[in-house]
Amino acid sequence: MRTSPDSRTSSRARWRTHWPARLAVAAALLAAAALRAPTHAFPPGLYRDEAFYGLDGLAALVDGPRLWYAANNGREPLFIWLVGLSEWAMGPVAPTARLPLIAAVRLPALAAGVVLVAAMYALASRLAGRRAGVIAAALTAALPWATLLGRTGLRAGLLPAVLALSGAATLRGIDRRDGRWVAFGGALAGLSLYTYTAARALPVAVGVAVALAFTVPARATAARWLGAAAFVALPLTVAMARTPGALVGRLAQVAVAGEGGSGAGSAGVSATTDALIASFGRTAGLVFVAGDRIARHNIPFRPVFGPLAAALWLLGIAVTLTWLRPSSPPRRRRAAALLLAATFAFALPTALAADAPHFLRAVGLLPALVGAAAVGGAVLVGWAGGRWGGVG
């Protein structure tokens, strides 16, 4: 099939318009890979959970993959499958070859960290334009929380990338009225349940997003998305239902009102309520007050954002709240509903658990927080460009 001259001219014009953004994203991807490469001194060696993943990955190569891994408090399978592939690709190594052994376990997390940068560009571009996408990619590449997720071989590191890809694909499908992209977004949403326990907050996020958007998705769109999500999630759901303790065992261990919480047992309802209020308060402060104290997940007690990015996040939240007005265009209402719903829903896994804020349990928040900061940054740059005429 021949390409018309007008089509070739249009493609060249789009390239000239888009190349600065593409160059910026390429730089962000390279920076992310360099910051997450397993050649750094920290973390110094495999953590206990990483060792479990490595052993289970080797077992998967011998015995075949499973849908649920019951050891070490129970774990979803996707990261273990990827670790097994990584170990197979690297082949047998000498027991004294420390770096290849560590790299095999951490390579999937590194790849997920780089994919997250590209996924955040795609998601934020759908939320607020290409300028927001570039800001989101750059912020994700350099963010300490995201960097440490990419350096450590833990299954939680897969969740932000899969969620961001799901959000970007879903919004693309809705914007273009393309059912294939909608179904792909739903399939990725179902796949997120194979990554980490915090993904179980996804149904809450979907319900809140629909409520905030003040509109019910078209029946065909909703059916495609939900059908694809359910189809992908069904095997894991069945496997967990057939495994005692898989659905709620770990959740009960870490819950504020359970074995891990200060309000459990004889302390009574009042102590549990006080503990929940304190936990929600600490979770609310993770953006710019104090973050996780555990060095594997974060620079101890550093909030998610520094002062500038925190200010952009606040601006982004304020902007998205204005987008919820019924008079706003449907695309903006969808963007605002997605960001605010994800922020609320994916804060719950750490807010309802002991030791909040915990940056692994809160990992589903990462795309929403970066997305909101990118919206704020895009609005600020746009305002400055309009005022001084220097930024396009």
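Just above sits the structure.
Throughout what follows, the structure given in this document is the object of discussion. Just so it is clear, the model here is predicted, and its values are computed rather than measured.

**So, the packing of helix 9 (residues 202-212) against helix 14 (residues 330-345)**
Step number 1: Axis separation between helix 9 and helix 14 bottoms out at 8 Å; the angle between their running directions is 140°. When the interaxial angle is binned, helix 9 and helix 14 end up oblique. Taken as a pair, helix 9 and helix 14 cross one another with a handedness that is right-handed. Contact residues: V204, A205, V208, A209 and L212 in helix 9; A337, L338, L340, A341, A342, F344 and A345 in helix 14.
Step number 2: Of the residues that constitute the contact of helix 9 with helix 14, the class distribution is 12 nonpolar, no polar and no charged.

**Brief notes about the pattern of salt bridges**
Step number 1: Following the criterion strictly, the structure yields 10 salt bridges and no others.
Step number 2: With its nearest N and O atoms 2.5 Å apart, the salt bridge here joins D56 to R75. Highlighted residues: D56 in helix 2 (residues 48-63) and R75 in the loop between helix 2 and helix 3 (78-90), separated in sequence by 19 residues.
Step number 3: Overall, the relative accessible area of 1% leaves R75 in the buried class.
Step number 4: Close ionic contact of R155 with E76 constitutes a salt bridge, the shortest N to O distance being 2.7 Å. With a gap of 79 residues between them, R155 in the loop between helix 6 (144-151) and helix 7 (158-176) and E76 in the loop between helix 2 and helix 3 connect regions that are remote in the sequence.
Step number 5: Taking relative accessible area as the criterion, E76 reaches 1% and is therefore assigned buried.
Step number 6: Among the charged side chains, a salt-bridge network with shared partners connects R126, D175, R331 and R334.

**As for the packing of helix 8 (residues 179-192) against helix 10 (residues 219-241)**
Step number 1: Interaxial distance between helix 8 and helix 10 falls to 7 Å at its minimum, and their mutual angle equals 35°. In the packing of helix 8 onto helix 10, the handedness of the crossing is right-handed. Between helix 8 and helix 10, the residues in contact are G179, V182, A183, G185, G186, A187, A189, G190 and L191 and T221, R224, W225, A228, A229, V232 and A233, respectively.
Step number 2: When the residues that make up the contact of helix 8 with helix 10 are grouped by side-chain class, the tally is 10 nonpolar, five polar and one charged.

**Here's the deal with unusual backbone geometry**
Step number 1: Between A356 and P357 the backbone carries a cis peptide bond, its omega angle lying at -5°.
Step number 2: Take P357: it is sitting in the loop between helix 15 (348-351) and helix 16 (365-388).
Step number 3: Positive phi, normally seen in glycine, also occurs at N73, with a value near 75°.
Step number 4: By secondary structure assignment, the location of N73 is in the loop between helix 2 and helix 3.
Step number 5: The exposure class assigned to N73 is partly exposed, which follows from its relative accessible area of 41%.
Step number 6: Backbone geometry at D355 places phi at a positive 70°, although glycine is not the residue there.
Step number 7: As for its placement among the helices and strands, D355 is situated in the loop between helix 15 and helix 16.

**Focus: the layout of surface pockets**
Step number 1: As a volume, the largest pocket reaches approximately 1000 Å³.
Step number 2: As for the largest pocket, its lining consists of 43 residues, and the residues nearest its centre are T170, L171, I174, A209 and L338.
Step number 3: Contributions of two or more residues to the lining of the largest pocket are made by helix 7, helix 8, helix 9, helix 10, helix 14 and helix 16.
Step number 4: Broken down by element, the residue count for the lining of the largest pocket peaks at nine residues, all from helix 7.
Step number 5: Of the residues that constitute the lining of the largest pocket, the class distribution is 29 nonpolar, eight polar and six charged.
Step number 6: The volume enclosed by the second largest pocket comes to roughly 740 Å³.

What counts as what
- Residues numbered from 1 in each chain as written.
- Predicted model: local features only at pLDDT ≥ 70, side-chain atom pairs only at ≥ 80, totals over all residues.
- Heavy atoms only, no water.
- Axes fitted to C-alpha atoms, helices over the stretch in contact; angles between N-to-C directions.
- Helix = DSSP H or I, 4+ residues; strand = E, 2+ residues; numbered from the N terminus.
- Parallel < 35°, antiparallel > 145°, perpendicular 65-115°, else oblique.
- Left-handed = near helix turned anticlockwise from the far one by under 90°.
- Contact = heavy atoms within 4.5 Å.
- Nonpolar A, V, L, I, M, F, W, Y, C, P; charged D, E, K, R; others polar.
- Salt bridge = Lys/Arg side-chain N within 4 Å of Asp/Glu carboxyl O.
- Buried < 20%, exposed > 50% of the residue type's maximum accessible area, 1.4 Å probe, protein only.
- 1 Å grid on protein atoms, 1.4 Å probe; cavity = no way out; pocket = protein on both sides within 12 Å on 5 of 7 lines; lining within 4 Å.
- Points joined across faces, edges and corners; volume = space filled by probe spheres on them.

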